[in-house]
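Per-entry structural report
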Amino acid sequence: SEAPANTRASLPRNPPTSLLLAAVGLVVVLISMPCLAQWAAVNNQEDAAKAVEVLGPLLAAAPAAHTLGTLMHSTPLLRHRFSDARLLGTRHMVEHHGYLLQRAEGGILFAWPRQSGRTGEAIYAWTSDAGLMTLAEGSGRWSGLDGMPSPAELALPGWQRQTN
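Below: a short report on this structure. In this text the structure is predicted, and so the values were computed from the model without any measurement.

Brief notes about the nonpolar core
With 21 residues, the main nonpolar core has V52, L55, L68 and Y124 as its most contacted residues. Of all elements in the fold, only α1 (15-61), α2 (68-72), β3 (99-103), β4 (109-113) and β5 (123-127) reach the threshold of two or more residues within this core. Counting residues per element, this core draws most heavily on α1, which supplies 6 residues. Here V52 is in contact with P57, L101, L109, A111, Y124, A125, W126 and L132, once residues within four sequence places are set aside. Counting residues in each nonpolar core, the second largest holds 15 residues, with L100, A104, I108 and A125 among its members.

Points about unusual backbone geometry
Even without being a glycine, H97 presents a positive backbone phi close to 50°. For H97, the position within the fold is in the loop between β2 (93-96) and β3. Judged by relative accessible area, H97 falls into the partly exposed class, the value being 30%.

Quick word on the packing of aromatic side chains
Two numbers describe a pair of aromatic rings. These are the distance of the centres and the angle of the planes. A full pass over the atoms with the stated rule returns 1 aromatic pair. Between the aromatic rings of Y99 and Y124, the centroid separation amounts to 6.0 Å while the plane-to-plane angle is 50°, which identifies the pairing as tilted. Placement of Y99 in strand β3 and of Y124 in strand β5 is noted, with a sequence separation of 25 residues between them. The same class applies to Y99 and to Y124, which are both buried.

Considering a nonpolar patch on the surface
Taken together, the side chains of L20, V24 and V28 make up a nonpolar region of the molecular surface, amounting to roughly 280 Å² of accessible area. For V28, the position within the fold is in helix α1.

Details of the pairing of strand β6 (residues 131-135)
Of all 5 residues in β6, 5 are buried; the element is thus mostly enclosed. Where β5 and β6 come together, 5 bridges link them in antiparallel fashion. What sits directly across from I123, in β6, is L135. Between the antiparallel neighbours β5 and β6 lie 3 residues. By the bridge criterion, 3 bridges tie β6 to strand β7 (residues 159-161) in an arrangement that is antiparallel.

A look at the environment of T134
You can see T134 is positioned in strand β6. Judged by relative accessible area, T134 falls into the buried class, the value being 16%. Taking the C-alpha atoms as reference points, T134 and W159, 25 residues apart in sequence, are found 5.5 Å from one another. Residues in contact with T134, not counting those within four places in the same chain, are A122, I123, Y124, G158, W159, Q160 and Q162. There is a polar contact of 3.4 Å between the side chain of T134 and the side chain of Q162.

Digging into the sheet that holds β7
An order of β1-β2-β3-β4-β5-β6-β7 is seen for the 7 strands of this open sheet, with the pairing classed as antiparallel. Looking at strand neighbours, the two that pair on one side only are β1 (86-88) and β7, the edges of this open sheet. For this sheet, the mean angle separating the axes of adjacent strands, direction not counted, is 25°.

Concerning the side chain of H96
Among the structural elements, H96 can be located in strand β2. Setting aside residues no more than four positions away along its own chain, H96 makes contact with D47, A51, R81, F82, D84, A85 and L101.

So, how was this worked out
- Residues numbered from 1 in each chain as written.
- Predicted model: local features only at pLDDT ≥ 70, side-chain atom pairs only at ≥ 80, totals over all residues.
- Heavy atoms only, no water.
- Core = buried A, V, L, I, M, F, W, Y, C linked by side-chain atoms within 4.5 Å.
- Buried < 20%, exposed > 50% of the residue type's maximum accessible area, 1.4 Å probe, protein only.
- Helix = DSSP H or I, 4+ residues; strand = E, 2+ residues; numbered from the N terminus.
- Contact = heavy atoms within 4.5 Å.
- Phe/Tyr/Trp six-rings, centres within 6.5 Å; stacked < 30°, edge-to-face > 60°.
- Patch = residues over 30% accessible without salt bridge, like charges linked within 9 Å, V, L, I, M, F, W, Y side chains within 5 Å.
- Areas by Shrake-Rupley, 256 points an atom, 1.4 Å probe, with all protein chains shown as cover.
- Salt bridge = Lys/Arg side-chain N within 4 Å of Asp/Glu carboxyl O.
- Pairing = 2+ DSSP bridges.
- Polar contact = N/O pair within 3.5 Å; in protein donor to acceptor, adjacent residues only side chain to side chain.
- Axes fitted to C-alpha atoms, helices over the stretch in contact; angles between N-to-C directions.

Written as structure tokens, this is what we have:
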């Protein structure tokens, strides 16, 4: 009697087929990565706008001695909402989902990307007079730890007041 044929399934050992499968996988990865990066940046921007809208009024009502960090950790609700936020320096600057947030003079709260283009592009501000304002930015002018806009730059063209 003959020995049973090997019925075990395996990947083809044919080099051209293996190379074709690897090439298809590489193309899928190369096409998916920019889409995922863009999706992440858009979500970072949405999170920054929400953070500024939530924290701006609370920070304006808080005593001047309150830093953004102490405000974010002052109540269980804010601690939960911003549980993954990182306090930077003296608790005056916070990093949240690729954006930096800091209160400027006049009680204005700004949010700008940690790395413009990669973590987001839009700039957000909250003032007691105008509420949430957005600047669609693409130049990278306001980016990184030293990139906070100044209150005077709210007079630049392009800022749009957000309404709910």
